[in-house]
Amino acid sequence: MPTEILMPALSPTMEEGTLAKWLVKEGDSVSSGDLLAEIETDKATMEFEAVDEGIVGKLMVSEGTEAVKVNTVIAVLLEDGESADDIDASSPTPAPAETATQEAEEAPTAAAVNPAPAAPASAAGERIFASPLARRIAAQKGLDLATLTGSGPHGRIVKADVEAAQPGASAPAPAPAAAPAPAPAGPSSSAIAAMYEGREYEEIPLDGMRKVIAARLTEAKQTIPHFYLRRDIQLDALLKFRSQLNKQLEGRGVKLSVNDFIIKACALALQAVPTANAVWAGDRVLQLKPSDVAVAVAIEGGLFTPVLQDAERKSLSALSAEMKDLAARARDRKLAPHEYQGGSFAISNLGMFGIDNFDAVINPPHGAILAVGAGAKKPVVGADGELAVATVMSVTLSVDHRVIDGALGAEVLNAIKDNLENPMVMLA
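Explain the overall build of the chain to me, please; I cannot follow it from the model alone.
Scanning the chain for helices and strands turns up 10 helices and 18 strands. Pairs at least 24 residues apart make up 62% of the contacts formed inside the chain by residues separated by at least 6 positions. With an accessible surface of roughly 23,300 Å², the chain has 53% of that area assigned to carbon and sulfur atoms.

Could you clarify how one ought to interpret the sheet that holds strand β18 (residues 387-400) in this entry?
Each strand in a sheet pairs with another by means of backbone hydrogen bonds, the pair being arranged parallel or else antiparallel. The strand order across the open sheet formed by six strands is β9-β18-β17-β16-β12-β15, and the pairing between neighbours is mixed. Of all the strands in the sheet, just β9 (226-234) and β15 (307-308) have a single pairing partner and so form its edges. Taken together, the five bridges between strand β16 (residues 345-349) and strand β17 (residues 368-381) define a ladder with parallel strand orientation. Its bridge partner being in β17, I347 is matched across the sheet by L370. Helix α10 (residues 406-421) rests against β9, β16, β17 and β18 of the sheet, and its axis sits at about 20° to β9.

Could you clarify how one ought to interpret the pairing of strand β1 (residues 3-6) in this entry?
The side chains of a regular strand alternate, residue by residue, between the two faces of the sheet. Burial along β1 is two-sided: T3 and I5 and E4 and L6, pointing in opposite directions, are all buried. Two elements, β1 and strand β8 (residues 73-78), share four bridges in a ladder whose sense is antiparallel. Within β8, the position partnered with I5 by the bridge is A75.

Conventions used here
Residues numbered from 1 in each chain as written. Predicted model: local features only at pLDDT ≥ 70, side-chain atom pairs only at ≥ 80, totals over all residues. Heavy atoms only, no water. Helix = DSSP H or I, 4+ residues; strand = E, 2+ residues; numbered from the N terminus. Contact = heavy atoms within 4.5 Å. Areas by Shrake-Rupley, 256 points an atom, 1.4 Å probe, with all protein chains shown as cover. Pairing = 2+ DSSP bridges. Axes fitted to C-alpha atoms, helices over the stretch in contact; angles between N-to-C directions. Buried < 20%, exposed > 50% of the residue type's maximum accessible area, 1.4 Å probe, protein only.

Following this line, the structure appears as structure tokens:
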């Protein structure tokens, strides 16, 4: 029986992907674990492996096809003794790249004399997948395929399912119609375009990453009760200590950045205030034991938040090396999903762009995110009341009030400030 290969969901947010490159061709034999294709998700380009063995009978989606929905049939594998004639061309979902013109050209073929049975649909309008032989037997026995449960791959109805069914079985009651989706807030895209009629502009379609960013951040601002805590942090002791360390580490090729110290400071603060090391999980709060800290990395067209796991245990040089590696692979879109998922806390640093301060949006399900501004020389009043000049960095902690209350958030931010203003303590 031919086996359908479906577009996989390679990340939790993936709804569609681009079939960037086929690594097999029709007629090739494949085994479980063989690489079939390279697929571009909303986050990265990933290799897709076979889980079945067989011969590639037909590639249903051509290279470079964009916006292929998850669970769309992209290829069909044949077993020994099967041929391309066994492939049911009517079952697989057509690739999104097929145009209306192609569909119109194919319509007369579907209406030809003695056509093969068309792929039935359930009462809810969902396509039912069944082998050609199963359809023929069902037609002979007068069976409604919508009443059967498939035992083949991906729920496909096979010969045994039809033979075991009794004729005349009643179809299940149709599912109640879904409530209409609420209309999107704000004016429609056509209404906005009409406002700019007569003005010169370029329309830029959204790619997968930008769609996901838009959806997740809209969700974050609509559903997460943000509140904000701000502190100024004096960096002179840290900058002096960093300079000394970098001179000593120069022979090892290590150069620590201020961001490396910030990552370590946040990781240790979460250990000092463990109740704040938590995420929102819908109907409960998950309190983590390790400090898994995410760091926002800007890439062309969007951003990643790779996660440094167990950051509280790692040395500054180890954190520096890992962060450089994650950032480089993020810009090449080569991160695996487990490298940018998870974590309880995030850092977004725009100080290198000269931004004094800003408010970052929490990346769900994180409990908080630290927005880091630039360090700048400012007048400060010392403990003795004397006026002095210090390098001051402004930070803002955005907090999910469902997870962390005000006093707890203040405790975390104070711990971060203490770590950065007394950097030698972080090595203890």
